[in-house]
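# Secondary and tertiary structure notes
Spelled out, the chains give:
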Amino acid sequence: MAIQREPGQKALTGAIMNMVTTLGQPLEVLKTQMAANRSQTMLQATKAVWARGGVAGMYQGLIPWAWIEASTKGGVLLFTASEIETAGVGMGVSPATAGLLGGMGGGIAQAYATMGFTTCMKTVEITRHKEAAVGVERSTFQVFMDIYRREGIKGINKGVNAVAVRQCTNWGSRMGFARLAETMIRNVRGKGEKDSLGAMDKILASSIGGALATWNQPIEVVRVEMQSMAKATANANRPAKLTILNTLGFIYKENGIKGLYRGVTPRIGLGIWQTICMVSFADYVKAWVKKN
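Calculation criteria
Residues numbered from 1 in each chain as written. Predicted model: local features only at pLDDT ≥ 70, side-chain atom pairs only at ≥ 80, totals over all residues. Heavy atoms only, no water. Helix = DSSP H or I, 4+ residues; strand = E, 2+ residues; numbered from the N terminus. Contact = heavy atoms within 4.5 Å. Polar contact = N/O pair within 3.5 Å; in protein donor to acceptor, adjacent residues only side chain to side chain. Phe/Tyr/Trp six-rings, centres within 6.5 Å; stacked < 30°, edge-to-face > 60°. Lys NZ or Arg CZ within 6 Å of the ring centre and 35° of its normal. Core = buried A, V, L, I, M, F, W, Y, C linked by side-chain atoms within 4.5 Å. Buried < 20%, exposed > 50% of the residue type's maximum accessible area, 1.4 Å probe, protein only.

Within the secondary structure, glutamine 167 sits in helix H8 (residues 160–189). Sequence-wise, glutamine 167 and isoleucine 108 are 59 residues apart; in three dimensions their C-alpha atoms are separated by 6.2 Å. If sequence neighbours within four positions are ignored, glutamine 167 has contacts with Lys73, Gly103, Gly107, Gln110, Ala111, Met115 and Gly172. A distance of 2.8 Å separates a polar atom in the side chain of glutamine 167 from a polar atom in the side chain of arginine 166.

Structure below.
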């Protein structure tokens, strides 16, 4: 079985490469700020984040939660996706379809295995900074315990189904589109399916995959709204018990299609960077680890 081959190496490679992706944390913060405050332009969101702490505000939530999340979900993603992709190709499935299935499986696995708690803690940090801006001073632990006392474990994992849908479509699209782009580049260059591509060709393919994968931005906006904990964001029209569908309907009624795609610009940049790291660079790291 494919799952018996170097599982630890694949998980370690995923953890390391996904840690590298946290260099794009400013884009993550801007994307979340715009998704949570859908009336803001990118310039207004940048000013709001900067006002919360300057350079430190742009890296809000990075230490330790983004690092913990990145290392754990990266290991789960790359291990699961690699096994599914390898098995798919071995069964005669096209590289693009195998990449799609691997990314979907890896995205779902990482969401339920690691992302409920860590995503909650990143949102706690953002909530804490928002409250501080209006004079409410609470520690990270106080905000977290407030959620736990009110809602228990379900509150900690609130929105995890939306996260799973997002990660499934995220990595399915990123890996699927990236592998499809690689196939197209090989065809243009007259190379066979097993011929390797140069570094710039792989980066180009991953950039295409990362950019096209942002079609699912409404799911990200829904996820942010479901996990929003700032009391100042209360809205009489907001459903008391949020589900993916009624949250989607609420955002659409309040802000229209533009609201559902708020924050897509920084997410395109983030998606390209993450796909380059987790597809192109990860291919080279896996090959090096296997060789050595």
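With that settled, consider the packing of aromatic side chains. Applying the stated rule across the entire model yields 0 aromatic pairs. Geometry around tryptophan 171 places arginine 174 over its ring, the cationic atom sitting 4.6 Å from the centre.

A few words now on the nonpolar core. Met17, Leu77, Leu78, Ala81, Trp171, Met175, Ala178, Cys277, Met278, Val279 and Ala282 together form the largest nonpolar core, which totals 11 residues. Elements with a minimum of two residues in this core: helix H5 (62–90), H8 and helix H12 (264–291). Ranked by residue count, the leading element in this core is H12, at 4 residues. Look past the residues within four positions of cysteine 277 in its chain and what remains in contact with it is Met17, Val20, Thr21 and Ala282. Grouped together as the second largest cluster of nonpolar side chains are 10 residues, Ala162, Val222, Val224 and Leu260 included.

Distances and angles like these do not, on their own, reveal function.
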